[in-house]
Amino acid sequence: MPYHKTLVIPALTSSARTSSSASGSTLVDQYVELGLEVSVTAVSGTIPFLTIVLQVSHDNSLWADHPDGCMTFVTTGVKHKIYQPIGGKYIRLSYYVSGTSPSFTFEANVIARS
């Protein structure tokens with residue numbers, strides 16, 4: 001399927017993160033497919049674990065995890081995932097950092113296609 005429009009959305013800029021949080025929300029109702037690219041460039045701590053979840057919302061208030069799952073990291077690396085259908089008008093990324101004194105330096109970009 002040829003796409004008419006592709007937009008790269010920087011969901012989370014590269015930064016060291018030591019606790020769990022979420023990105024801001026983005027309106028994506030005009031897109032039919034999302035790609036998520038996460039790049040982890042540094043990891044420290046004892047048994048560090050990072051989980052990144054795409055969340056969707058129809059009203060930008062109540063959020064649910066996308067049913068296609070999540071990404072997990074214990075080391076540096078890059079992962080890609082495609083989400084189709086998107087399942088909501090808005091998206092955001094939630095991330096969960098765990099372990100003993102964990103730190104992950106990572107960035108995440110959403111590639112939206114219509």
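Remember, predicted model here, so these are calculated numbers, not experimental data.

**Student:** Where do I start with the overall build of the protein chain in this structure?
**Tutor:** Of the regular secondary structure elements, the protein chain holds zero helices and seven strands. Overall, the protein chain shows an N-to-C arrangement of helices and strands of β-β-β-β-β-β-β. For the protein chain, the C-alpha radius of gyration of 14 Å lies close to 13 Å, the compact-globule estimate for 114 residues. Taken over the C-alpha atoms alone, the protein chain extends approximately 45 × 30 × 20 Å along its principal axes. Per-residue burial for the protein chain yields a buried fraction of 39% across its 114 residues. Here the analysis covers contacts within the protein chain between residues at least 6 apart in sequence; of these, 82% occur between residues at least 24 apart. A total accessible area of about 5,900 Å² is found for the protein chain, and carbon and sulfur atoms account for 53% of it.

**Student:** What should I look at first to understand the packing of aromatic side chains in this one?
**Tutor:** The way to describe two aromatic rings as a pair is by their centre distance and the angle between their planes. In total, this model carries one aromatic pair according to the counting rule given. Here the aromatic rings of Y95 and F106 are separated by 5.3 Å at their centres, their planes lie at 80°, and the arrangement is edge-to-face. For F106, a relative accessible area of 0% puts it in the buried group. In this arrangement the basic side chain of R17 is found over the ring face of Y95, its NZ or CZ atom lying 5.4 Å from the centre. Above the face of the F106 ring, R17 is positioned so that its terminal group lies 4.6 Å from the ring centre.

**Student:** What is the right way to look at the pattern of salt bridges in this model?
**Tutor:** Pairing is possible between side chains that carry opposite charge, provided their charged atoms lie close to one another. In the structure shown here, the tally under the stated rule is one salt bridge. Among the ionic pairs, E33 bridges to R113, the shortest N-O distance being 3.1 Å. Separated by 80 residues along the polypeptide, E33 in strand 4 (residues 33–57) and R113 in strand 7 (residues 90–113) bring together distant segments of the chain. For R113, a relative accessible area of 21% translates into the label partly exposed.

**Student:** Would you explain unusual backbone geometry in this entry?
**Tutor:** What you tend to see is this: most non-glycine residues have negative phi, and most peptide bonds are trans. Residue P85 is reached from Q84 by a cis peptide bond, and omega for that bond is 0°. In this structure, P85 sits in the loop between strand 6 (77–83) and strand 7. Of note, N60 is a non-glycine position whose phi angle comes to about 65°, a positive value. Relative to the helices and strands, N60 is located in the loop between strand 4 and strand 5 (64–73). N60 sits in the partly exposed class, given a relative accessible area of 34%.

**Student:** Please explain the nonpolar core as it appears in this structure.
**Tutor:** A general feature of soluble globular proteins is that nonpolar side chains tend to end up buried together. Residues L34, V38, L50 and F106 are the most contacted members of the largest nonpolar core, which totals 25 residues. Those elements that place two or more of their residues in this core are strand 1 (6–17), strand 4, strand 5 and strand 7. Once you skip the residues sitting within four places of it in the chain, V38 turns out to touch I52, M71, F73, G77, V78, K79, F106, E107 and A108.

**Student:** Help me understand the side chain of R17 in this model?
**Tutor:** Along the chain, R17 turns up in strand 1. In this structure R17 is buried but unpaired, with E107 as the nearest side chain of opposite charge at 8.2 Å. Among the polar contacts listed, one links the side chain of R17 to the backbone oxygen of S15, at a separation of 3.3 Å.

Conventions used here
Residues numbered from 1 in each chain as written. Predicted model: local features only at pLDDT ≥ 70, side-chain atom pairs only at ≥ 80, totals over all residues. Heavy atoms only, no water. Helix = DSSP H or I, 4+ residues; strand = E, 2+ residues; numbered from the N terminus. Rg over C-alpha atoms; globule rule 2.2 N^0.38 Å. Buried < 20%, exposed > 50% of the residue type's maximum accessible area, 1.4 Å probe, protein only. Contact = heavy atoms within 4.5 Å. Areas by Shrake-Rupley, 256 points an atom, 1.4 Å probe, with all protein chains shown as cover. Phe/Tyr/Trp six-rings, centres within 6.5 Å; stacked < 30°, edge-to-face > 60°. Lys NZ or Arg CZ within 6 Å of the ring centre and 35° of its normal. Salt bridge = Lys/Arg side-chain N within 4 Å of Asp/Glu carboxyl O. Core = buried A, V, L, I, M, F, W, Y, C linked by side-chain atoms within 4.5 Å. Lys, Arg positive; Asp, Glu negative; His and termini not counted. Polar contact = N/O pair within 3.5 Å; in protein donor to acceptor, adjacent residues only side chain to side chain.

Purely geometric stuff here, so don't read any function into it on its own.
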